Structure formats: structure tokens, C-alpha cells
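Take a look at the letters that make up each chain.
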Amino acid sequence: MSAASCLLSEDQFLCSICLDVFTDPVTTPCGHNFCKNCINEHWNSNVQYLCPLCKEVFYTKPDMKVNTFISEMVSQFRQEASSSSSEQQAAKPGEVPCDVCTGTKLKALKSCLVCLTSYCETHLEPHLTALSLKRHQLMDPVENLEDRMCMKHDKPLELFCKTDQTCVCMLCSVLDHKTHEFVPLKEEYEGKKAELGKTEAEIQEMIQKRRLKIQEIKHSVDLSEEAADREKAEGVQVFTALMESVERSLNELIETIEEKQRTTEKQAEDFIKELEQEISELKKRSSEVEKLSHSEDHLHLLLNFPSLKAAPPTKDWTEVSVRPSSYEGTVVKAVAQLEETLSKQMKKLLELKRVQQYAVDVTLDPDTAHPNLILSDDGKQVYESNMKKNLPKNPERFSSCPCLLGKQSLSSGRFYFEVQVKEKTKWTLGVARESINRKGKVTLGTQYANWTIWLRNGNEYKALDDPSVRLSLKSQPQKVGVFVDYEEGLVSFYDVDAAALIYSFTGCSFTEKLYPFFSPCLNDGGINSAPLIICPVNQTV
């Protein structure tokens, strides 16, 4: 061997799958080498494409090309190994041994169908040189050579009987099968091989379909898990709200009962106080009467008798009583009120759920944004910077007011989107027709074909209807939902967290495309610097 190849052992040229010297060696992206056919068969029989050695996963099947460098090294190794006949290898497990060798059985190179014997390189020599043996039929080494002989005529099985679908010898074709149709084994082999190729292709297609089905099922499980998590979160939100309602109703019930008890106790205390006052007066008169009755002064008794002979004036307590408060029906009434409250709350939740099914993925349109506005890269957030940017003065851009539109439009049907307004002291939201004035002052109101609500001064809400309507809200919305029904002529606004309707514009006449309308308003020196954020819609129930 050359100096270079002497540094390498046969183990370095062995495929770790078939444990034989590489045939058409290929290299995986992770740097390991295999026979091209071995690695392809390995991947075809597994769901994932992973390296058999380091287990690295490849999400798509690598396009494997023969590594010419390793292929040349293997070729050189084979040549040098075969040129050294004195170094023939002993037959390994699974390899066909030489039937002639005594002692250590060397690996057979060929099998003779005439001799029914397998030969190593040394013992094969006579079949390659002797004229009488050259006519023998040699083939790649196989075990059980007797299975390749006709058991009746002791001749090689060389033909295929298509009538009986069996392998036969030459004597069979003229004796037992003389009227049958025959073809050479090779011809039938090629046909059956083609059929196997077709079968293999069908099997691979079935494998691929099942892999795709596995991916589909896993994707369905992922979607189900996401839906389950979302449903659990929404369930916690809804039932928390319901439990809070129940707790409030219970507290109100207890307060009502305790208030009645306090009223009864106050009435009793007032009566007792009055009675004790009369008792005190009576005791005083009793003391005076007793003292006068023991007087020996005739004149004193007679002079004071008229004023002491009668009891002092007192209240008639005969009909006075403290009746225990009646609590009959209090719990029933409280439960009925709670049921009504929960019913109203569920109706609000169901109404919000109904409009949320028309959710669209709204993004902000930078081509319409006023130069002072800063948009996030994903087109979901906007705030006013108080610094004017140098932007193209295109016709779509608002030039005077810090406004912008969404990219998505509506000319029929329904749509819904949600915007976070948390920590803002001013904002305007709604929809506007495509022809809204963008150069100069933007006038808001239904008479100008825009349907909006706004917040000013941190707590003043208004619907810009004709005329404008001041809104009295129980709580400040943190997230506002906007719903439009084009054919119905309806624009509604919702407090998403409270599942409450804020305001509805009804009977609207839409004649143009409608676009989502946003204004984060001036930042007021940082007081109103929080952005408007378009949020993904998570259905409330």
C-alpha cells in the first residue's frame, strides 16, 4: 500500500449501517459518512430524518451527493487491498465462506452452480484457468447452493415457467413442462424487479402519506392544545367575573339583613331609653309621695297634696312593641336579582362573542400616517412623538392631525378588531370612509362620514354622533372592540374586558370603502405617550 493509505485502517472505510466498505459514500450535514443507499433506506424506514450516529434531526431530507474524495480513497483502498492476495480476509458473520478452505475459512468470491461450491480467491483460480472448468457457471457467492438445483434432475434452475410460476431446469422444460411458456430467469428477474420497484414506490408513497398524516395529527393536537389553553383562560375570566357577581350579591344580602337588624335594635334602644326616662320620673314622684305621706305637718301635706295625688303624665305603652324584622323572601329575592344580573352578563358576553367571530387581522398603514407618528415594525402599535419626520407628501397621508388608517378595508359584510388604550389620557377610534379629508383639519362626526368615539382629559368619553353624545361608563375601558356591519349600517364599540357595549351608531349609510381609523393624539409632554396597540382577538367565551 502507499504511504498515505497505510495510515488508514479498513474500519475507517466501513459504513456504520451495513458494516461494509463504503459504496457511493455520502456525507451528512453533520459530517458523518454512509453508503448512499444505506442512509436513504434508513431514512425511508423512519419518520424523522436523523443521523444514525449523532442523532441530529434534519427537518427536510438532505440532498445527498457522492463525496468524490472519500469515494476515490475507498477505490484506492479496494485496489490495494485486492492486490495483496496474501492478506485475504476470513469470512465474517453473514458472509459466504469458501467451502474448500481448511482451518480458517476465507471469504468466498464466487459460487459455482455446476460444482455447487463456493471458492475464495485462491481456490477459484482453477475455474479461471482450466479449460474444462471455464465452462462452469459462476455467480456472486451465495449460501445453500443446493437450493438453486432442480431436485428432480439435479440441474441448475435456469428457466422460469410462466404457466406454473416456478423455476425449472432445462430437462424440466422438455419433460414435465414441455407445453408451458418459459422465459430465462434473467428476463423474469427483470420483470419481477420492475414490479418490486413499483411496489417499493407505492410503499414509499404510503409511507409519505402516513408521515404527512402524522404531521397533520400533531398539528391538530397543537391547535387543540392552543384552543384548550385559550378556553381555560377565558373560562377563568368568565367564572371569576361570575364569582365576583355572586360575592357582591352575597355581601349585599348580608348588608340588607344586618341593616334590618340594626333598625330593629335602634327602635328597641329608643323605646328602652324612653321607658327608663319614665321610670326615673316615676321613681322621683314615688319618693316625693312617700316623703309627704310621712309628714306630720298638717298644713304642708294639705298644700302639696293636690300636686302629688296623681301620677306624672306618661306614655301609654299598651300597644307599643318591637316586632322582630321579617326576613322571609330576602334570600329568594337576592337570588332572583343575582339570576337577573348573571343573565344580563351572559347576554353581554354572548353578544361580544357573536361580533368577535368577524375578527380581521388589522395592520396600520404607514402611507397614511401623519409625520409625527411612530409605528412599530409589525404595524400593530402607534404613538405620537412630537417630532415631525421628513416623509413623502403622498395624497394618502394625513398632514395636519396625528391620525392614520388601517390597511384593511370593508365594502360589504362585517368586520371586528380590538385596540388596547391602556394608560392613555386621549385617543380616538372608529372607522372612516376612504375619501376622508387628509390635508388640513380632520373634522370628526357622522355628518363627515366617520364614525368614532374618543377619550379626552383622562375620563371624558364621547360618541361623535349627530349630535355628539357624552358617555357615562362604569369603568375606564382598557381594550376597545370595534364592530362594523356594512349592510346593516351599524358601527358598535365594546369594552372588551367588561364585555359591555359602549355605544352604537345605527342607521348609517355606507357608500364607500370603510377603513379602521386611529388617532393616539398628542403625547402632552409624555403624559399621553402610551401607544395604541392592535391586539389579537381572543373570544371572550
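The structure this text deals with has already been given above.
We now turn to the structure provided with this report.

## A short note on the sheet that holds strand β12 (residues 381-384)
Now for step 1: Taken in spatial order, the seven strands of this open sheet run β11-β12-β23-β14-β19-β20-β21, and their pairing is antiparallel. Looking at which strands have only one partner, the edges of the open sheet turn out to be β11 (373-375) and β21 (500-505). Within this sheet the neighbouring strands show an average axis-to-axis angle of 20°, counted without direction.
Now for step 2: Of the pairings in the sheet, the one linking strand β14 (residues 414-420) to strand β23 (residues 532-535) comprises three bridges and is antiparallel in character. Counted as the bridge partner of Gln 420 is Ile 533 from β23.
Now for step 3: Running over the sheet, helix α9 (residues 330-356) touches β14, β19 (479-485), β20 (490-495) and β21 and is turned about 110° from β14.

## Quick notes on the nonpolar core
Now for step 1: In terms of nonpolar packing, the biggest core is built from 36 residues, with Trp 427, Trp 451, Phe 505 and Phe 518 touching the most fellow members.
Now for step 2: Membership of the second largest hydrophobic core comes to 18 residues, among which are Val 21, Trp 43, Phe 58 and Met 64.

## Digging into the packing of aromatic side chains
Now for step 1: A full pass over the atoms with the stated rule returns 12 aromatic pairs.
Now for step 2: Seen from their ring centres, Tyr 486 and Phe 510 are 5.3 Å apart, and the 45° between their planes marks the pair as tilted. With Tyr 486 in the loop between β19 and β20 and Phe 510 in the loop between β21 and β22 (514-519), this residue pair connects regions lying 24 residues apart in the sequence. Just as Tyr 486 is buried, Phe 510 falls in that class too.
Now for step 3: Between Phe 493 and Phe 505 the ring centres are 6.1 Å apart and the planes differ by 75°, which places this aromatic pair in the edge-to-face class. Of the two residues, Phe 493 is situated in strand β20 and Phe 505 in strand β21; the sequence distance between them amounts to 12 residues. As far as the burial class goes, Phe 493 and Phe 505 line up, both buried.
Now for step 4: An aromatic cluster of three or more residues is present, and its members are Trp 43, Tyr 49 and Phe 58.

## Looking at the pattern of salt bridges
Now for step 1: Within this structure, the stated rule accounts for 18 salt bridges.
Now for step 2: Here Glu 255 makes a salt bridge to Arg 262, at a shortest N to O gap of 2.8 Å.
Now for step 3: The class for Glu 255 is partly exposed, based on a relative accessible area of 40%.
Now for step 4: Among the residues examined, Arg 262 registers a relative accessible area of 36% and is labelled partly exposed.
Now for step 5: A network of salt bridges, in which partner residues are shared, links Lys 162, Glu 188 and Lys 192.

Analysis parameters
Residue positions are counted from 1 within each chain, in the order its sequence is given. Whole-chain, interface and lining totals are the exception, using all residues; otherwise, since this is a predicted model, local features are given only for residues with pLDDT of at least 70 and side-chain atom pairs are given and counted only at 80 or more. As a rule here, side-chain values cover all heavy atoms of the structure and leave hydrogens and water aside. Here, any two strands with at least 2 DSSP bridges between them count as paired. Helical segments are the DSSP runs of H or I of at least four residues, strand segments are the runs of E of at least two, and each set is numbered from the N terminus. Interaxial angle, 0 to 180 degrees, is taken between N-to-C directions of lines fitted to C-alpha atoms, where a helix line uses only the stretch in contact. Contacts are assigned to residue pairs that have any heavy atoms within 4.5 Å of one another. Take the buried Ala, Val, Leu, Ile, Met, Phe, Trp, Tyr and Cys residues and link them wherever side-chain atoms come within 4.5 Å; each set so joined is a nonpolar core. Burial here depends on accessible area, computed with a 1.4 Å probe over protein chains only, as a share of the maximum for the residue type. Under 20% is buried, over 50% is exposed, and the range in between is partly exposed. For Phe, Tyr and Trp, where Trp contributes only its six-membered ring, two rings pair if their centres lie within 6.5 Å, and the inter-plane angle classes them as stacked under 30 degrees, edge-to-face over 60, or tilted in between. By convention in these notes, a salt bridge is any Lys or Arg side-chain nitrogen within 4 Å of a carboxyl oxygen on Asp or Glu.

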